[in-house]
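Now for the letters of each chain:
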Amino acid sequence: MSGEESQFNVQGYNIVTILKRLEAATSRLEDITVFQEEANKQKTGVEASANTAARAQHNDSANETLVTVSSASSVSPGGSTSQSKKVVTPEKKKSILAFERLIHEFVVPFVNASNQIDSVVGESAKLFADTFVDQTKFLEIVSESKKPDMTDPLLGQVLGPTNEKISKINSLKDANRKSSYFNHLNSLSESGAVFFWIGVDTPVSYISDIKDSAKFWSDRVLKEYKDKDKVNVEWVNQLTNIFDELKSYVKEYHTKGPAWNPNGKSFAQAVEEFNSSAESGSTTAQQEKSANASGPPAPPPPPPASFFEDASASSSSSNTAGSSTGGMNAVFAQLNQGADVTSGLKKVDKSEMTHKNPELRKQPPVAPKKPKNLAGHSTSSHVVPTTTPKKTPKKELVDGSKWIIQNFTQADAQSPIVIETENSQSVFIGNCSDVTIQLKGKANAVTISETKKVGVVIDSLISGVEVIKSYKYGLQVVGLVPMISIDQSDEGSIYLSTESIDNDCQIYTSKTTALNVNVPEVNNDFKELAVPEQIVSTVKNGVLSSSIVEHAG
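Residues numbered from 1 in each chain as written. Predicted model: local features only at pLDDT ≥ 70, side-chain atom pairs only at ≥ 80, totals over all residues. Heavy atoms only, no water.

Describing the sheet that holds strand S10 (residues 465-468)
And then number 1: The sheet built from seven strands is open, its strands ordered S3-S4-S6-S8-S10-S12-S14 with mixed pairing. The open sheet has two edge strands, strand S3 (394-398) and strand S14 (506-510), and neither has a second partner. Shown here is a sheet whose adjacent strand axes are inclined to one another by a mean of 10°, direction ignored.
And then number 2: Pairing of strand S12 (residues 483-487) with S14 involves five bridges; the strand directions are parallel. Note that in S14 the partner of isoleucine 484 across the bridge is isoleucine 507. (Pairing = 2+ DSSP bridges. Helix = DSSP H or I, 4+ residues; strand = E, 2+ residues; numbered from the N terminus. Axes fitted to C-alpha atoms, helices over the stretch in contact; angles between N-to-C directions.)

Things to note about helix H12 (residues 230-253)
Owing to its 3.6 residues per turn, the α-helix aligns residues three or four sequence positions apart on the same side.
And then number 1: Between its first and last C-alpha, H12 extends 34 Å over 24 residues, near the 34 Å set by a 1.5 Å rise per residue.
And then number 2: Elements in contact with the buried residues of H12: helix H6 (94-117), helix H7 (119-144), helix H10 (182-191) and helix H11 (203-225). (Expected span 1.5 Å × (residues − 1). Contact = heavy atoms within 4.5 Å.)

Topic: the packing of aromatic side chains
And then number 1: Counted according to the given criterion, the structure contains 13 aromatic pairs.
And then number 2: Ring geometry for phenylalanine 132 against phenylalanine 195: centres 4.8 Å apart, planes inclined by 75°, an arrangement best described as edge-to-face. Of this pair, phenylalanine 132 sits in helix H7 while phenylalanine 195 sits in the loop between H10 and H11, and the two are 63 residues apart along the sequence. With respect to class, phenylalanine 132 is no different from phenylalanine 195; both count as buried. (Phe/Tyr/Trp six-rings, centres within 6.5 Å; stacked < 30°, edge-to-face > 60°. Buried < 20%, exposed > 50% of the residue type's maximum accessible area, 1.4 Å probe, protein only.)

Considering the environment of phenylalanine 110
And then number 1: Secondary-structure assignment places phenylalanine 110 in helix H6.
And then number 2: With 126 residues separating them in the primary sequence, phenylalanine 110 and valine 236 have C-alpha atoms 9.1 Å apart.
And then number 3: In this view, phenylalanine 110 contacts Ala125, Phe128, Leu188, Trp235, Gln238, Leu239 and Ile242; residues no more than four positions away in its chain are not counted.

Brief notes about the confidence of the model for the protein chain
And then number 1: Across the protein chain, the average pLDDT comes to 75, with 65% of residues at or above 70.
And then number 2: A low-confidence stretch, residues 1-5 (pLDDT under 50), is modelled with six contacts involving residues beyond four sequence positions or located in other chains.
And then number 3: Scored below 50 in pLDDT, residues 43-90 makes 80 contacts in the model with residues more than four places away or belonging to other chains. (pLDDT = per-residue confidence, 0-100.)

What about the sheet that holds strand S5 (residues 417-420)?
And then number 1: Reading across from one edge, S5-S7-S9-S11-S13-S15-S16 is the order of the seven strands in this open sheet, with mixed pairing throughout. The outermost strands of the open sheet, each flanked by one partner alone, are S5 and strand S16 (526-530). Each neighbouring strand pair of the sheet contributes to a mean axis angle of 15°, computed without reference to strand direction.
And then number 2: When strand S7 (residues 436-443) meets strand S9 (residues 455-461), the two strands line up parallel, connected through six bridges. Across the sheet, the residue bridging to threonine 436 is glycine 455, located in S9.

A few points about the nonpolar core
And then number 1: Counting 55 residues, the largest nonpolar core has Phe128, Phe132, Trp235 and Leu246 as the members making the most contacts within it.
And then number 2: Only H6, H7, helix H8 (153-158), helix H9 (160-174), H10, H11, H12 and helix H13 (267-292) provide two or more residues apiece to this core. (Core = buried A, V, L, I, M, F, W, Y, C linked by side-chain atoms within 4.5 Å.)

Focus on the packing of H10 against H12
And then number 1: Axis separation between H10 and H12 bottoms out at 12 Å; the angle between their running directions is 5°. In terms of axis orientation, H10 runs roughly parallel to H12. Contacts between H10 and H12 involve His184, Ser187, Leu188 and Ser191 on the former and, on the latter, Asn232, Trp235, Leu239 and Phe243.
And then number 2: For the contact of H10 with H12, the residue count by class is four nonpolar, four polar and no charged. (Parallel < 35°, antiparallel > 145°, perpendicular 65-115°, else oblique. Nonpolar A, V, L, I, M, F, W, Y, C, P; charged D, E, K, R; others polar.)

A look at the pairing of S10
And then number 1: Only one face of S10 is buried: it carries Val465 and Val467, and the other face, with Glu466 and Ile468, is open.
And then number 2: Strand direction decides the pairing type here: strand S8 (residues 446-449) and S10, joined by four bridges, are parallel. Residue isoleucine 448 lies in a different strand from S10, and its bridge partner there is valine 467.
And then number 3: Bridge analysis of S10 against S12 gives four bridges, and the strand direction is parallel. Across the sheet, the residue bridging to isoleucine 468 is aspartate 487, located in S12.

Examining the side chain of lysine 173
And then number 1: When you line up the elements, lysine 173 lands in helix H9.
And then number 2: Those residues in contact with lysine 173 that lie beyond four places of it in its chain are Phe182, Leu185, Asn186 and Ser189.

Let's talk about the packing of H11 against H12
And then number 1: Contact geometry of H11 with H12 gives a least axis separation of 9 Å together with a crossing angle of 175°. Of the possible angle classes, the one that applies to H11 and H12 is roughly antiparallel. Seen from H11, the contacting residues are Pro203, Val204, Ile207, Ser208, Ile210, Lys211, Ala214, Ser218, Val221, Leu222 and Tyr225; seen from H12, they are Asn232, Val233, Val236, Thr240, Phe243, Asp244, Leu246, Lys247, Val250 and Lys251.
And then number 2: Taken together, the residues that form the contact of H11 with H12 break down as 13 nonpolar, four polar and four charged.

Brief notes about the environment of serine 401
And then number 1: In this fold, serine 401 is placed in the loop between S3 and strand S4 (402-406).
And then number 2: You can call serine 401 partly exposed: its relative accessible area is 32%.
And then number 3: Beyond its immediate sequence surroundings of up to four residues, serine 401 is in contact with Ser424, Gln425 and Ser426.

Some thoughts on the pattern of salt bridges
Opposite charge on two side chains lets them pair, provided their charged atoms get close.
And then number 1: As enumerated under the stated definition, the model contains nine salt bridges in all.
And then number 2: Across the pair lysine 126 and aspartate 130 runs a salt bridge whose closest N-O atoms are separated by 3.0 Å. Of this pair, lysine 126 and aspartate 130 both sit in helix H7, four residues apart, which is roughly one turn of the helix. The same class applies to lysine 126 and to aspartate 130, which are both buried.
And then number 3: Among the salt bridges present, the one from glutamate 164 reaches lysine 168, with a minimum N-O distance of 3.6 Å. Of this pair, glutamate 164 and lysine 168 both sit in helix H9, four residues apart, which is roughly one turn of the helix.
And then number 4: For glutamate 164, a relative accessible area of 46% corresponds to the partly exposed category. (Salt bridge = Lys/Arg side-chain N within 4 Å of Asp/Glu carboxyl O.)

Here it is as structure tokens:
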């Protein structure tokens, strides 16, 4: 215990701890009072009490967020414990208090609304709110630390929890693609990128860009529920308000990125002190929770291990193990043994040498044993997968201007994949196999990359089609396509429409084999025309002249 805290010890009781418990109790009473007042406006007597209890139970996850924010902000990076609300305010940086106020006033109500809509949406919103809490901790470190080297591994470790929660938000969206609230989950998934404003030089404009990306999906929510459900409409407004408030906050305190303290401590020292304070605060919170719980109190758990220490320890242990058991250091260590490098080899008897014993040469060769893992550790539990895991199929419209169709196989799409396109939209088809894709309407351009046995039917295009590194592909044009480009592709078939032929559709090929162009005939049949592959070149008068080789017969 520091000297400053020991001054508040009176007859074995710590005043700081007592004040903190009073502060927590006061906060809960304030919450109950707010809910009670709202309920009394609608009902009276017993009905009002029941309504208050139901609403409090419905907002459990939001209350957890409040508790998390409160505990995270009760300890400062320097290790001094907050005494009361009146004392905390001058001790903390103004920028930190403003960020915490943003969370309490805008993020927590957003979690409440999300829980009312759907449990999965509530879970995603809770992760979104927890990421704000993680960023509060990072900004506290920033306020106490000098700017570190951006390549410092410790910086990546500090931002690790943020990246992990953003990944969970994205995974939650991907796992619930069939949900009726998929637009809500997409809005949160797009919003998750806003936390990376700490890594750009122009964070204000960056936040605006991310807001626009999320707005594409939230507008769909607004369109669907505008005249049906006010809760969903309010949900969209709350998400928009979070972006606006975060933008205003960053504009005031972090205009050119995180406002590091030029007169502060080193980054490593600030992280260490903040981490120590977080550990002591976590232990105190556990003790208070046990004391307030009904029934016999459970023994307090051991203090949580430091994230930063764990990461550093695992990094250092892996480096130590690597230097002693493998890598270039092990190679040089063995070479430095000199003559002793062969001391571990087995001596072969003459009777086992094939060039000394002719009888051994008559025996069939023995098949070599299957090698163990390349690291040479037979006891290792890590198994390298022999096949590449299948990627998740993806079909979505990005920013309203680009369709992306990826990773589809015959198992994923038994029937043709149909896309309704517009003039301003382009289409990218990549890493698909054994599927048929139909593009209706008039799009801008189409790119087909690294596909196998894929058929694409196109109505019309403004620009053209580009096929890259594809095998056994089929391309059918129903309307007008002015240009087709084929590069590094094999065994393709193109079916042109009469309209495309009349408008002089151009076909460019490079590094392409076995390409046939099919043109319509009078009897509604197609005539197959092979695209030449062989070119002969001669030099005449210092000029290279090339012509197509025609094969007859």
